[in-house]
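Below, each chain spelled out in residue letters.
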Amino acid sequence: TISRNKGLKLAITCLFNSIPNIVNLQLIVIFFMFLLGILSTTLWSGKFYRCHMDNVPLSITQKEELIKTKWDCLNFGGEWVNPDLHFDSTLQSMLTLLTIQTTEGWIGVMWDAVDSNAVDLVPVVNGNWFYVIVFLLLLVIICLLFLNLFVGVVIETFNREKEKLSFNHLLQTVERQWI
């Protein structure tokens, strides 16, 4: 089927020939994700923990008034828990950034960052609104920019393969300009 359909053959050839360029681009993206992972670990390491007190018979106002630190939480019988997506290590930061890059669950991570306080302190609701802008910029950088780079590599390879198929690569510069 592929050998009979010229367009499909061109597309498959293009995808196979773009693999080396995609691997090179992936290495660059991993390097930038590593740098962003280090930055996010520096900003939010240990700050996403919160007190889980569903098993403690206290009202919401009592919980807000009495529990301010990790030790208050543990003394009242709560659990000091960390969400699944956090930035406590560079590897975990890179995994969280990969999750953000898929645009699944990034809103929860953003609100955890907005609520983040300090290490071993209970989060303050809407305490750091600046992080909304940071996460929107992060989303634009790692989603749109990196995705557009991959699309650009595939399109460039497609154009090159199309030129080879039409034998335009054999033309001289003057002949190309005339065409």
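Residues numbered from 1 in each chain as written. Predicted model: local features only at pLDDT ≥ 70, side-chain atom pairs only at ≥ 80, totals over all residues. Heavy atoms only, no water.

Trainee: What am I meant to see in the environment of leucine 165 here?
Mentor: Of note, leucine 165 is situated in helix α7 (residues 130–165). By relative accessible area, which is 46% here, leucine 165 ends up partly exposed. Separated by 78 residues in sequence, leucine 165 and phenylalanine 87 have C-alpha atoms that sit 49 Å apart. (Helix = DSSP H or I, 4+ residues; strand = E, 2+ residues; numbered from the N terminus. Buried < 20%, exposed > 50% of the residue type's maximum accessible area, 1.4 Å probe, protein only.)

Trainee: Would you explain the layout of surface pockets in this entry?
Mentor: If a probe the size of a water molecule is rolled over the atoms, the empty space left behind becomes visible. In this structure, the largest pocket encloses a volume near 380 Å³. Surrounding the largest pocket, 13 residues form its lining, Cys51, Lys63, Glu64, Val122 and Pro123 being those nearest its centre. Tallied by class, residues from the lining of the largest pocket come to 7 nonpolar, 1 polar and 5 charged. (1 Å grid on protein atoms, 1.4 Å probe; cavity = no way out; pocket = protein on both sides within 12 Å on 5 of 7 lines; lining within 4 Å. Points joined across faces, edges and corners; volume = space filled by probe spheres on them. Nonpolar A, V, L, I, M, F, W, Y, C, P; charged D, E, K, R; others polar.)

Trainee: What's the story with the packing of helix α5 (residues 90–101) against α7 in this structure? I'm lost.
Mentor: Relative orientation and spacing of two packed helices are given, respectively, by the angle between their axes and the distance between those axes. Two numbers describe how α5 lies on α7: the axes approach to 9 Å, and their chain directions differ by 75°. The orientation of α5 relative to α7 falls into the category roughly perpendicular. Each of Leu97, Ile100 and Gln101 in α5 lies in contact with α7, whose residues at this interface are Phe135, Leu138, Leu139, Ile142, Cys143 and Phe146. Within the contact of α5 with α7, the residues separate by chemical class into 8 nonpolar, 1 polar and no charged. (Axes fitted to C-alpha atoms, helices over the stretch in contact; angles between N-to-C directions. Parallel < 35°, antiparallel > 145°, perpendicular 65-115°, else oblique. Contact = heavy atoms within 4.5 Å.)

Trainee: What is the right way to look at the state of the cysteines in this model?
Mentor: Simply put, the disulfide is a covalent bond whose two ends are the sulfur atoms of two cysteines. Under the criterion given, the structure shown has 1 disulfide. A sulfur-sulfur distance of 2.0 Å marks the disulfide that ties cysteine 51 to cysteine 73. In this structure, the disulfide formed by cysteine 51 and cysteine 73 twists by about 85° around the S-S bond and is classed as right-handed. With cysteine 51 in strand β1 (residues 50–52) and cysteine 73 in helix α4 (residues 70–75), the pair connects residues that are 22 residues apart, well separated along the chain. On the basis of relative accessible area, cysteine 73 is assigned to the buried category, the value being 0%. (Disulfide = S-S within 2.5 Å.)

Trainee: So what exactly am I meant to see when it comes to the packing of aromatic side chains here?
Mentor: The geometry of an aromatic ring pair is captured by two quantities: the separation of the ring centres and the angle between the planes. Applying the stated rule across the entire model yields 9 aromatic pairs. Consider the rings of tryptophan 44 and tyrosine 131, whose centres lie 5.1 Å apart with planes at 75°: the pair is edge-to-face. Within this pair, whereas tryptophan 44 is found in helix α2 (residues 19–44), its partner tyrosine 131 is found in helix α7, the two being separated by 87 residues in sequence. In this structure tryptophan 44 comes out as buried when scored by relative accessible area, which is 2%. Judged by its relative accessible area of 14%, tyrosine 131 falls in the buried class. For the pair tyrosine 49 and tryptophan 80, a centre-to-centre distance of 6.4 Å together with 5° between the ring planes defines the contact as stacked. Placement of tyrosine 49 in the loop between α2 and β1 and of tryptophan 80 in strand β2 (residues 79–81) is noted, with a sequence separation of 31 residues between them. (Phe/Tyr/Trp six-rings, centres within 6.5 Å; stacked < 30°, edge-to-face > 60°.)

Trainee: Looking at this structure, how should I read the side chain of serine 40?
Mentor: Inspection of the secondary structure assignment puts serine 40 in helix α2. For serine 40, a relative accessible area of 4% puts it in the buried group. If sequence neighbours within four positions are ignored, serine 40 has contacts with Ser45, Phe87, Ser93 and Leu97.

Trainee: What exactly am I supposed to notice about helix α6 (residues 106–115) here?
Mentor: The α-helix advances 3.6 residues per turn, and as a result positions three or four apart in sequence lie on the same side. Counting buried residues in α6 gives 7 out of 10 residues, a clear majority hidden from the surface. Turning to α6, its buried residues are Trp106, Val109, Met110, Asp112, Ala113, Val114 and Asp115.

Trainee: Please explain unusual backbone geometry as it appears in this structure.
Mentor: Only a minority of non-glycine residues have a phi that is not negative, and only a minority of peptide bonds are not trans. Located in the positive-phi region is threonine 103, a residue other than glycine, with phi close to 60°. Along the polypeptide, threonine 103 turns up in the loop between α5 and α6. Residues other than glycine seldom take positive phi values, yet asparagine 126 does so here, at roughly 55°. Here asparagine 126 is to be found in the loop between α6 and α7.

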